[in-house]
Amino acid sequence: MQTTNQETELRQKATATAGMVYFGSIVTGFLGIVGALIAMTENLGAGGIYLLASAFAFGLLANALFRH
């Protein structure tokens, strides 16, 4: 079974979109950890919010990667 040019383009776009979502989740997770560390060193109460955002991003990423 041969794929058409349009099907190939759609697969490439879907792969690129998934890659951007994974990259964005990883960046958000690590920036959340960095933000929490900065907030904790300056005795701000917002460290938990940053950790919540980080956990949410990593949780969504893990769900997407390990789903069958």
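From a predicted model like this one, the values you see are computed outputs, not experimental measurements. (Residues numbered from 1 in each chain as written. Predicted model: local features only at pLDDT ≥ 70, side-chain atom pairs only at ≥ 80, totals over all residues. Heavy atoms only, no water.)

Draft legend 1. Structural context of the overall build of the protein chain. Helix and strand content of the protein chain: 2 helices and 0 strands. In terms of C-alpha radius of gyration, the protein chain reaches 18 Å, well past the compact-globule figure of 11 Å for 68 residues. Looking at the protein chain as a whole, 15% of its 68 residues qualify as buried. Carbon and sulfur atoms make up 68% of the accessible area of the protein chain, which amounts to about 5,600 Å² in all. (Helix = DSSP H or I, 4+ residues; strand = E, 2+ residues; numbered from the N terminus. Rg over C-alpha atoms; globule rule 2.2 N^0.38 Å. Buried < 20%, exposed > 50% of the residue type's maximum accessible area, 1.4 Å probe, protein only. Areas by Shrake-Rupley, 256 points an atom, 1.4 Å probe, with all protein chains shown as cover.)

Draft legend 2. Quick look at the side chain of Ser25. Here Ser25 is to be found in helix H1 (residues 5-41). Not counting residues within four places of it along the chain, the set of residues in contact with Ser25 comprises Ala57, Phe58 and Leu61. (Contact = heavy atoms within 4.5 Å.)

Draft legend 3. Molecular detail of H1. With 37 residues, H1 extends 54 Å between its outermost C-alpha atoms, agreeing within 8% with the 54 Å of an ideal straight helix rising 1.5 Å per residue. Among all positions of H1, only Ser25, Gly29, Gly32, Gly35, Ala36 and Ala39 are buried. In this structure, the buried residues of H1 make contact with helix H2 (47-66). Phi for Asn43, located one or two positions after H1, is positive at around 55 degrees. (Expected span 1.5 Å × (residues − 1).)

Draft legend 4. Spatial organisation of the environment of Phe56. Tracing the backbone shows Phe56 in helix H2. For Phe56, a relative accessible area of 57% gives the class exposed. A sequence separation of 16 residues divides Phe56 from Met40, and the C-alpha atoms of the two residues are 19 Å apart.

Draft legend 5. Region of the structure containing a nonpolar patch on the surface. Where nonpolar side chains cluster on the molecular surface, the patch consists of Ile26, Phe30, Ile33, Leu37, Met40 and Leu51 and spans about 540 Å² of accessible area. At 5 residues, the largest contribution of residues to the nonpolar patch is made by H1. You can see Ile26 is positioned in helix H1. We classify Ile26 as partly exposed; its relative accessible area is 35%. (Patch = residues over 30% accessible without salt bridge, like charges linked within 9 Å, V, L, I, M, F, W, Y side chains within 5 Å. Salt bridge = Lys/Arg side-chain N within 4 Å of Asp/Glu carboxyl O.)

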